[in-house]
Amino acid sequence: MSLRDLAVLYLIAGLACAVAVYRASSEGRRRAALSAALCVPLWPIWAPVALTAGRGEGGGRAGGAAGEAAARVQGALREGVSACAGTSFEALLSREAASRIEAEVARAAARHAELDALLRQSGFDEGAAAARVAEIERGGGGAGARSLATAHLHLENIRRLRAMRDRDARALDELADLVQALRTQLVLARFAGSSVEGVGGIVSEVWARVEGLGAAIDAHDAGTEGPIAT
């Protein structure tokens, strides 16, 4: 292979890395374009740095959002308990009930953090898994039907894990919104003299969401979500 051929291959690899960095970037278009441009001449050095940084920032935001939702639930619960203490609403949101809710939220947040950390590992990169499937489908490496089935399974498993992580994040965020609404409802009821029935509906909805969180975690712990083959 001549020097010219090597230069052409180097340029092709640089362009491919530039496209990958641009697509993976979570920054503005201008900064993403600059980062991608650096990849063309410096891809062996710059591409790993840019791609790793992008995954780390994305994972941090996802984990931080779930932690923030859990903190919102905890704060709103404590304010709600204080608002109804010593009133006819106390039976609807006692300290014991709030503690149970906090415990389930903590479990859900911990599972989300575990999944998020797992999905930031290189072996769980959805883009790489999808690229492997595409490579086998093109006939690269002489891989057969069995290899293609294994690659598809690996990609599907990653997508299921991502879906579980994202579902937990959404559930925590929605529960946080609901508990904050409960908190304001209890404060309003205390000062405006609203009926217990006006608060009972939202309390029931909170418990339904909490039980849903617990059921999902228990199913995961018992392995009833379905085995994930490797």
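Residues numbered from 1 in each chain as written. Predicted model: local features only at pLDDT ≥ 70, side-chain atom pairs only at ≥ 80, totals over all residues. Heavy atoms only, no water.

Enquirer: Hey, could you run me through the overall build of the protein chain in this one?
Expert: Check the secondary structure of the protein chain and you find six helices and zero strands. Listing the helices and strands of the protein chain from first to last along the sequence gives α-α-α-α-α-α. For the protein chain, the residues scored as buried account for 30% of the 230 residues in total. Contacts spanning at least 24 positions in sequence make up 74% of the contacts within the protein chain whose residues lie at least 6 apart. (Helix = DSSP H or I, 4+ residues; strand = E, 2+ residues; numbered from the N terminus. Buried < 20%, exposed > 50% of the residue type's maximum accessible area, 1.4 Å probe, protein only. Contact = heavy atoms within 4.5 Å.)

Enquirer: Looking at this structure, I do not really get helix α4 (residues 126-137). What am I missing?
Expert: An α-helix turns once every 3.6 residues. As a result, residues three or four positions apart point the same way. Look at α4: 17 Å from first C-alpha to last across twelve residues, which is about the 16 Å you get at 1.5 Å a residue. Of all the positions in α4, only Ala129, Val133 and Ile136 are classed as buried. For α4, the arc enclosing every buried residue in end-on projection is 70°, short of the 170-degree limit, so these residues lie on one face. In this structure, the buried residues of α4 make contact with α5 (145-192). Its side-chain oxygen placed 2.8 Å from the backbone nitrogen of Gly127, Asp125 serves as the N-cap of α4. Of the residues one or two after α4, Gly139 is the one with positive phi, at around 90°. (Expected span 1.5 Å × (residues − 1). Arc of directions from axis to C-beta. Polar contact = N/O pair within 3.5 Å; in protein donor to acceptor, adjacent residues only side chain to side chain.)

Enquirer: How do you make sense of the packing of α4 against α5 when you look at a structure like this?
Expert: If you want to describe how two helices pack, look at the angle between their axes and the distance between the axes. Closest axis-to-axis distance for the α4/α5 pair is 9 Å, and the angle between their directions is 155°. It follows that α4 is roughly antiparallel to α5 by the angle criterion. The way α4 lies across α5 gives a crossing that is left-handed. Residue-level inspection shows Glu126, Ala129, Ala130, Arg132, Val133, Ile136 and Glu137 of α4 in contact with α5, the latter providing Ser147, Leu148, Ala151, His152, His154, Leu155, Ile158, Arg159 and Arg162. For the contact of α4 with α5, a count of residues per class yields eight nonpolar, three polar and five charged. (Axes fitted to C-alpha atoms, helices over the stretch in contact; angles between N-to-C directions. Parallel < 35°, antiparallel > 145°, perpendicular 65-115°, else oblique. Left-handed = near helix turned anticlockwise from the far one by under 90°. Nonpolar A, V, L, I, M, F, W, Y, C, P; charged D, E, K, R; others polar.)

Enquirer: Is there a simple way to explain the pattern of salt bridges in this structure?
Expert: Pairing is possible between side chains that carry opposite charge, provided their charged atoms lie close to one another. By the definition in use, this model includes 14 salt bridges. Note that Arg107 and Glu104 form a salt bridge whose closest N and O atoms lie 3.1 Å from each other. With Arg107 and Glu104 both in helix α3 (residues 95-119) and three residues apart, this pair spans about one turn of that helix. Arg107 gets classed as partly exposed once you look at its relative accessible area, which sits at 29%. Of the charged contacts in the structure, one is a salt bridge between Arg111 and Asp168, with a shortest N-O distance of 2.9 Å. Here Asp168 lies in helix α5 and Arg111 lies in helix α3, a separation of 57 residues in the sequence. Side by side, Arg111 and Asp168 carry an identical accessibility label, which is buried. (Salt bridge = Lys/Arg side-chain N within 4 Å of Asp/Glu carboxyl O.)

Enquirer: Can you help me understand the packing of α3 against α5 in this one?
Expert: Viewed as axis vectors pointing N to C, α3 and α5 meet at an angle of 145°, and their least axial separation amounts to 9 Å. Both α3 and α5 take part in a crossing whose hand is left-handed. Residues Val105, Ala108, Ala109, Arg111, His112, Leu115, Asp116, Leu118 and Leu119 of α3 form the contact with α5, whose participating residues are Ile158, Leu161, Arg162, Met164, Arg165, Arg167, Asp168, Ala169, Leu172 and Leu175. Classifying every residue of the contact of α3 with α5 by side-chain character gives twelve nonpolar, one polar and six charged.

Enquirer: Help me understand a nonpolar patch on the surface in this model?
Expert: A cluster of nonpolar side chains, Val8, Leu9 and Ile12, forms an exposed patch at the surface whose accessible area comes to about 260 Å². As for its placement among the helices and strands, Val8 is situated in helix α1 (residues 3-24). (Patch = residues over 30% accessible without salt bridge, like charges linked within 9 Å, V, L, I, M, F, W, Y side chains within 5 Å. Areas by Shrake-Rupley, 256 points an atom, 1.4 Å probe, with all protein chains shown as cover.)

Enquirer: What am I meant to see in the confidence of the model for the protein chain here?
Expert: Close inspection of predicted coordinates is inappropriate in any region flagged by low pLDDT. Confidence in the prediction of the protein chain, expressed as mean pLDDT, is 78, and 73% of residues score 70 or more. Ranking the helices and strands of the protein chain by mean pLDDT puts α4 first, with 90, and helix α2 (residues 29-84) last, with 70. Note that pLDDT drops below 50 for residues 224-230; the model gives that stretch 15 contacts with residues more than four away or on any other chain. (pLDDT = per-residue confidence, 0-100.)

Enquirer: Is there a simple way to think about the side chain of Arg165 in this case?
Expert: You can see Arg165 is positioned in helix α5. The class for Arg165 is buried, based on a relative accessible area of 10%. Apart from residues lying up to four places away in sequence, Arg165 is in contact with His112, Leu115, Asp116 and Leu119.

Enquirer: Would you mind going over the environment of Gly212 with me for this structure?
Expert: With respect to the secondary-structure elements, Gly212 resides in helix α6 (residues 197-222). Residues Gly212 and Glu104, spaced 108 residues apart in sequence, show a C-alpha to C-alpha distance of 9.8 Å.

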